[in-house]
Amino acid sequence: AVDRYAKVAELMGIRENSGKEAQARAGIDVIRQLMSSVGIPSSISDLGISKEAIPAMAASALTIQRLLANNPRELDLEDAIDIYTNAFS
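Here's a quick rundown of the structure. (Residues numbered from 1 in each chain as written. Predicted model: local features only at pLDDT ≥ 70, side-chain atom pairs only at ≥ 80, totals over all residues. Heavy atoms only, no water.)

## Side note on the overall build of the protein
A tally of helices and strands in the protein yields 5 helices and 0 strands. Mapped in sequence order, the helices and strands of the protein form the string α-α-α-α-α. Rg of the C-alpha trace for the protein: 15 Å, well past the compact-globule value of 12 Å for 89 residues, more than 25% over. Across its three principal directions, the C-alpha atoms of the protein cover 40 × 30 × 20 Å. The 89 residues of the protein split such that 17% are buried. In the protein, the share of contacts with a sequence separation of at least 24, taken over all contacts with a separation of at least 6, comes to 31%. (Helix = DSSP H or I, 4+ residues; strand = E, 2+ residues; numbered from the N terminus. Rg over C-alpha atoms; globule rule 2.2 N^0.38 Å. Buried < 20%, exposed > 50% of the residue type's maximum accessible area, 1.4 Å probe, protein only. Contact = heavy atoms within 4.5 Å.)

## Description of the side chain of serine 43
Looking at where serine 43 falls in the secondary structure, it is placed in the loop between helix H2 (20-38) and helix H3 (54-61). A polar side-chain atom of serine 43 sits 2.9 Å from a polar atom in the side chain of serine 45. (Polar contact = N/O pair within 3.5 Å; in protein donor to acceptor, adjacent residues only side chain to side chain.)

## Observations regarding the packing of helix H1 (residues 2-11) against H2
Axis separation between H1 and H2 bottoms out at 7 Å; the angle between their running directions is 60°. Judged by the inter-axis angle, H1 sits oblique to H2. Where H1 crosses over H2, the handedness of that crossing is left-handed. Residues Val2, Asp3, Tyr5, Ala6, Ala9 and Glu10 of H1 pack against Lys20, Glu21, Gln23, Ala24, Gly27 and Ile28 of H2. (Axes fitted to C-alpha atoms, helices over the stretch in contact; angles between N-to-C directions. Parallel < 35°, antiparallel > 145°, perpendicular 65-115°, else oblique. Left-handed = near helix turned anticlockwise from the far one by under 90°.)

Don't take any of this as a statement about function, it's just geometry.
As structure tokens, this is what we get:
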């Protein structure tokens, strides 16, 4: 979703002349810096959640249809597990 992330970066006032992907990445970097500066955890492991909880969390997430209906991509259990695994550390 490079175009969407680039648009968010643009709305945040970030202007990157190296293309949309560079602008999207610059926006993500600024959001990460903001999260750090206000003390928002950057991973689910920072919340004290164990890696063993990921499969159950993924299965539970797939039951929330109002969120999935607006997702730009259809997700299955493996996708959800991958997302949580990537967010773990």
